[in-house]
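Architecture at a glance
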Amino acid sequence: MHDADAVRALGELSRFRREFYQCLTTRADALFELADAILCADGPVGSLVELSLVGEHRRGYGSLYGALARGDVDIARLGAALAAVPLPRAADGRLVLAVDVTCWLRPEAHTSPQRILCHTYGRGKDQHLMIPGWPYSVVCALETGRSSWTAPLDARRLEPEQDAATVTADQLRQVIERLIAAGHWRPGDPDIWVVADAGYDGPRLAYLLRDLPVQVLARMRSDRVLRRAAPPWVPGTKGRPPRHGGEFVFGDPATWGTPDVTTVHDTRLYGPATARSWDRLHLRLAHRSAWVAQTGTLPVIDGTVIRLDTTRLPSGAIPKPVWLWWSGTDATPTDIDRLWQAFLRRFDIEHTFRLLKQTLGWVCPKIRTPQAADRWTWLILAAYT
């Protein structure tokens, strides 16, 4: 790093530290010391008791659990401070945000409220377990190149009986509004991409965020069925004009037709990667699930479907095709390549979760209330930043 870059980075760090302290409204000294102790620990954080023994912790408050239980963090202001720091961007200069859910498992905390059964993978093959805990939806800005670091921007705990799509859309809306307020996006800049895995309803997110400069890229399951655009209505034809065209069945190549764009790239780990895309495909929505409360005629949300095929995997397993849905249309070959590469970078958020849990000790404290868990979560994000 050049001297000028180092001075600039130290200046940004000092400004963030000052703003972070202003976000701590109650038990501020104790919470600030707690965040400093996380960074100054000799190794991975194992418990709050170990943090109280770190030399940099001045022991200004006797009980760290008491500080988390009775302290307070201005989460809205801290979220704005996270959005104001320099953020990584894609190769074309746009912001790429990844959203995913990670769980703070609390199976033995029988008196802790607002726990939800969290889906986890067991050690056996295809073994799925449901364990009580607090799920958190996390939004991160993704980098490019060989680095797997991300920039966490927000973390929101999902409460029981909440609609995940609505909560995620509201969370993304707040994050994007903070980014715009911080000057990371201005009129004329490329749209912000939001990348999500198959657990998210991509068309639903695109519909809820349609008034923002956002495009959604989400993976779809391989058993989905989409529809083409409706054929032109012929005057004099009896009956209502059709709203949907023919079916596009992911599992039936006979329904695909000729792709609009095809690209091939030779990769080091996966061999030749072939991406094919079909323009203007949409789901046939029904008044159920996430759309049960929608009144009137359901929208037709056109997008681009991308199928990515590779010839091998580093693990030696048989590669499976990846199906993606993008809320944009009329994609060029350059767009298609950037889209599937942006989706692959989404897996960097898994490394962030591993660092937060295994090194910074996010899930180590035995916290009873979800409000204290929220405070600790935001302290971890501040320490990471």
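Residues numbered from 1 in each chain as written. Predicted model: local features only at pLDDT ≥ 70, side-chain atom pairs only at ≥ 80, totals over all residues. Heavy atoms only, no water.

Mean pLDDT over the protein works out to 90, with 97% of the residues at or above the 70 mark. Here helix α3 (residues 48-52) stands out as the element of the protein with the lowest mean pLDDT, 81, in contrast to strand β14 (residues 322-326), whose mean of 98 is the highest. (pLDDT = per-residue confidence, 0-100. Helix = DSSP H or I, 4+ residues; strand = E, 2+ residues; numbered from the N terminus.)

Turning our eyes to something else, we now look at the pairing of strand β8 (residues 214-220). Two faces, one strand: in a regular strand the side chains alternate between the faces of the sheet. Within β8, six of the seven residues are buried, which leaves it mostly tucked inside the rest of the structure. Sheet topology places strand β7 (residues 192-196) next to β8; five bridges connect them, and they run parallel. Residue pairing across strands places Val194 opposite Val216, the latter belonging to β8. Chirality of the crossover, the property in question, places the unit of β7, helix α7 (residues 202-208) and β8 among those that are right-handed. (Buried < 20%, exposed > 50% of the residue type's maximum accessible area, 1.4 Å probe, protein only. Pairing = 2+ DSSP bridges. Right-handed = clockwise from strand over helix to strand, strands pointing away.)

Turning our attention to the packing of aromatic side chains. Tallied over the full model, the rule gives 17 aromatic pairs. For the pair Phe20 and Phe32, a centre-to-centre distance of 5.7 Å together with 35 degrees between the ring planes defines the contact as tilted. Placement of Phe20 in helix α1 (residues 3-22) and of Phe32 in helix α2 (residues 28-40) is noted, with a sequence separation of twelve residues between them. For the pair shown, Phe20 and Phe32 are each scored as buried. An aromatic cluster is defined as three or more aromatic residues linked by ring pairs; in this entry it consists of Phe248, Phe250, Trp256, Trp278 and Trp323. Its guanidinium or amino end placed over the ring of Phe347, Arg346 lies 4.7 Å from that ring's centre, counting from NZ or CZ. (Phe/Tyr/Trp six-rings, centres within 6.5 Å; stacked < 30°, edge-to-face > 60°. Lys NZ or Arg CZ within 6 Å of the ring centre and 35° of its normal.)

Moving on, we come to the packing of α1 against helix α5 (residues 75-84). Between α1 and α5, whose axes approach to 9 Å, the crossing angle comes to 170 degrees. Our classification of the angle between α1 and α5 gives roughly antiparallel. For the pair α1 and α5, contact is made by Phe16, Glu19, Phe20 and Gln22 and by Arg77, Leu78, Ala81 and Leu82, respectively. Grouping the amino acids of the contact of α1 with α5 by side-chain chemistry returns five nonpolar, one polar and two charged. (Axes fitted to C-alpha atoms, helices over the stretch in contact; angles between N-to-C directions. Parallel < 35°, antiparallel > 145°, perpendicular 65-115°, else oblique. Contact = heavy atoms within 4.5 Å. Nonpolar A, V, L, I, M, F, W, Y, C, P; charged D, E, K, R; others polar.)

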